[in-house]
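Residue strings, one per chain:
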Amino acid sequence: MESGDAARPGSGRATGAPPPRLLLLPLLPLLLGRGLRVAAAASASSSGAAAEDSSAMEELATEKEAEESHRQDSVSLLTFILLLTLTILTIWLFKHRRVRFLHETGLAMIYGLIVGVILRYGTPATSGRDKSLSCTQEDRAFSTLLVNVSGKFFEYTLKGEISPGKINSVEQNDMLRKVTFDPEVFFNILLPPIIFHAGYSLKKRHFFRNLGSILAYAFLGTAVSCFIIGNLMYGVVKLMKIMGQLSDKFYYTDCLFFGAIISATDPVTVLAIFNELHADVDLYALLFGESVLNDAVAIVLSSSIVAYQPAGLNTHAFDAAAFFKSVGIFLGIFSGSFTMGAVTGVVTALVTKFTKLHCFPLLETALFFLMSWSTFLLAEACGFTGVVAVLFCGITQAHYTYNNLSVESRSRTKQLFEVLHFLAENFIFSYMGLALFTFQKHVFSPIFIIGAFVAIFLGRAAHIYPLSFFLNLGRRHKIGWNFQHMMMFSGLRGAMAFALAIRDTASYARQMMFTTTLLIVFFTVWIIGGGTTPMLSWLNIRVGVDPDQDPPPNNDSFQVLQGDGPDSARGNRTKQESAWIFRLWYSFDHNYLKPILTHSGPPLTTTLPAWCGLLARCLTSPQVYDNQEPLREEDSDFILTEGDLTLTYGDSTVTANGSSSSHTASTSLEGSRRTKSSSEEVLERDLGMGDQKMSSRGTRLVFPLEDNA
């Protein structure tokens, strides 16, 4: 042992020295403290390294999630682009083969359905990533939440309410979430070009010739349809409640709201076939004008119904004050939106007139595009309706601003909005097909769906046939039974009804409305759209008609007794057919607004009083003095005033200004040689009658005196 001890270094000790353990005792606290500090330091360094590793892992996971989200966004957009590409190629094939039983919108819906099935059942779910947290202390939902997770704050936004019965079936497929668009995308991006194009491409001649009838169908007809459908659906809801098929609240105002949104007709399929077959121009004008204006009426009407809030505890009972308040809101929103759209168009016309933007067609087109689109957003930001504003902005731009644009810009703006309209409309119909399988809040109720089909049929019939009867009392050219049947048949539902339904799907009632609206759109586009061509043949409606050709006169309309050619007859007929409200408007527009806002029309120095000479010279464009033909050729389809053309009815001579006198059956040429105003000269030039001045002045027309409604 000793040899072993001696062999170890430090093992020797002096005689009488204390044992080694006793020597270490005084150093024990020091050694222990140092050891603890070293251990603590080592532990701290290891925990710090672990925290850094954890943070790095979290950042890496976040980056991967961001990359995956970006990839899914690209895939979802690529899906819609491929859908549109496939639709365009198939449309070409259908047009090449002259296939008319299925329109491009119906085709887009079919492709959307196929892709929806693939996404729904062919892509794997990513369940287990979501966790529900309880906030029992809060009594309302927040649009934005900041959640503290281990000292890090994360922002969450509200997507909508989920019923307790569906809390476990919330869709966990990220791809389906990506292809479910925010409803505001439809209103702020897709709807503006569709509505603007409708106003910008308006065929003014036939539209204003039937203006009274179009306004009656659009305003009175939509209101009648809304209340009939709403009341019938309220009866259906009561029946569902008795049968135990109603699992949540469904109020009378909800039924009226459904009546408003489903009254928005969109006969895009029928009109496309009309245009391709060159169907009767008056029928086309009636259907197109009604669909354009009733979209605007439906959206304002639905907003007014939402604003209906009776006083007291029962917020869904009838209250006269709340009713008249809703009517006031309807009138205020519609008139405000109309004014805002018209003012924006006027501002654009003034900018293009008093600047030299026409020297830079690209800048001119860009400004026109931005001003037109901003009308929609400006109206929505001010609490009005962008659909109404952008519609009347398009009409104003076509009537005034279009005349100030350069040749390149006129062609570009027409083509630009035509392409945007085509793509946006087909995108919406593709999304409709997709939404049938990707939307997470469908409520299918067979009773409600069947009742809705019956209600829209009765609502359409209740406003087409009675209104046509009353309108025919004041029309020279009656709306025949075949036209009425075709208008009844053509009451398709489309993009506007879908966009209004999907905008609010928070409640049980709105979810049921959305599902029903989607099925109604499918049925009307596929079945009614496909039956348009056979229906035209069955009703004996003219096809292959020149848009500038009028139907032959008959006993119910005027007859041309003398005149020197078809142009003379057509011009006089066009003037007399135009709605009386437009005949009153045209003289003011041609003499004052056109010269102020465009480079056309008579000089203001000849139309304004002498004391306005300075203002007239400032506002009159120099081109007006140089141009001997004030109105552009593009305005030749506009209906002008009657002027001093003498008409015979019985024993009286009636002129357009309302004067009348007794006379014999013969009319002297001397009275027809009176001096004409500038408006009348433009009238004959626009209608191609410049070389028939004397014969036109001698034309005698015999017809009933009723104004065309």
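Not measured: the values here are computed from a predicted model. (Residues numbered from 1 in each chain as written. Predicted model: local features only at pLDDT ≥ 70, side-chain atom pairs only at ≥ 80, totals over all residues. Heavy atoms only, no water.)

Draft legend 1. The overall build of the protein, seen in detail. Along the backbone of the protein there are 27 helices and seven strands. Relative to its 709 residues, the protein shows a buried fraction of 46%. Considering only contacts in the protein between residues 6 or more positions apart, those separated by 24 or more positions represent 80%. Counting every atom, the protein has about 36,100 Å² of accessible surface; 63% of that belongs to carbon and sulfur. (Helix = DSSP H or I, 4+ residues; strand = E, 2+ residues; numbered from the N terminus. Buried < 20%, exposed > 50% of the residue type's maximum accessible area, 1.4 Å probe, protein only. Contact = heavy atoms within 4.5 Å. Areas by Shrake-Rupley, 256 points an atom, 1.4 Å probe, with all protein chains shown as cover.)

Draft legend 2. Representation of the environment of Asn 426. Tracing the sequence through the fold places Asn 426 in helix α15 (residues 407–438). In the structure, Asn 426 is positioned 339 residues away from Thr 87 in sequence and 8.3 Å away in space, judged by C-alpha atoms. Residues within four places of Asn 426 in sequence aside, it is in contact with Leu 84, Thr 87, Glu 104, Thr 105 and Ala 108.

Draft legend 3. Region of the structure containing unusual backbone geometry. We note that His 278 has phi near 55°; this positive angle belongs to a residue other than glycine. For His 278, the location among the structural elements is in the loop between α10 (268–277) and α11 (281–306). Taking the relative accessible area as the measure of exposure, His 278 reaches 40% and is therefore partly exposed. One non-glycine residue, Asn 540, lies in positive phi territory at about 55°. By secondary structure assignment, the location of Asn 540 is in the loop between α20 (532–538) and β3 (559–562).

Draft legend 4. Structural view of the packing of aromatic side chains. Evaluation of the coordinates by the stated rule reveals 32 aromatic pairs. Summarising the aromatic geometry, the rings of Phe 80 and Tyr 431 are spaced 6.1 Å apart at their centres and angled 35° between planes, so their arrangement reads as tilted. A residue pair is termed long-range when its members are at least 10 positions apart, and Phe 80 in helix α3 (residues 28–97) and Tyr 431 in helix α15 qualify at 351 residues. Pair check on accessibility: Phe 80 and Tyr 431 agree, each one buried. Seen in terms of ring centroids, Phe 453 and Phe 523 are 5.2 Å apart; in terms of plane orientation they differ by 80°. Their pairing is edge-to-face. Of the two residues, Phe 453 sits in helix α16 (residues 446–472) while Phe 523 sits in helix α19 (residues 508–530), which places them 70 residues apart along the sequence. The lysine or arginine in question, Lys 414, covers the ring of Tyr 200, its NZ or CZ lying 4.7 Å from the ring centre. Between the NZ or CZ atom of Arg 503 and the centre of the ring of Phe 187, over which it lies, the distance is 3.8 Å. (Phe/Tyr/Trp six-rings, centres within 6.5 Å; stacked < 30°, edge-to-face > 60°. Lys NZ or Arg CZ within 6 Å of the ring centre and 35° of its normal.)

Draft legend 5. Structural context of a nonpolar patch on the surface. On the surface, a cluster of nonpolar side chains totalling about 470 Å² of accessible area is made up of Phe 227, Phe 323, Phe 324, Val 327 and Leu 331. Counting residues per element, the nonpolar patch draws most heavily on helix α12 (residues 320–354), at four residues. Since its relative accessible area comes to 36%, Phe 227 is described here as partly exposed. (Patch = residues over 30% accessible without salt bridge, like charges linked within 9 Å, V, L, I, M, F, W, Y side chains within 5 Å. Salt bridge = Lys/Arg side-chain N within 4 Å of Asp/Glu carboxyl O.)

Draft legend 6. Layout of the packing of α10 against α11. At a closest axis distance of 11 Å, the pairing of α10 and α11 adopts a crossing angle of 150°. Here α10 lies roughly antiparallel to α11, going by the angle between them. Crossing handedness for the pair α10 and α11: left-handed. Of the residues in α11, those in contact with Val 270, Leu 271, Phe 274 and Asn 275 of α10 are Leu 283, Tyr 284, Leu 287, Phe 288 and Ser 291. (Axes fitted to C-alpha atoms, helices over the stretch in contact; angles between N-to-C directions. Parallel < 35°, antiparallel > 145°, perpendicular 65-115°, else oblique. Left-handed = near helix turned anticlockwise from the far one by under 90°.)

Draft legend 7. Layout of the pairing of strand β1 (residues 144–149). Of the pairings in the sheet, the one linking β1 to strand β2 (residues 152–157) comprises six bridges and is antiparallel in character. Pairing of Leu 146 across the sheet is with Glu 155, part of β2. Following β1, the chain reverses through two residues before pairing antiparallel with β2; Ser 150 in that reversal takes a positive phi of roughly 55°. (Pairing = 2+ DSSP bridges.)

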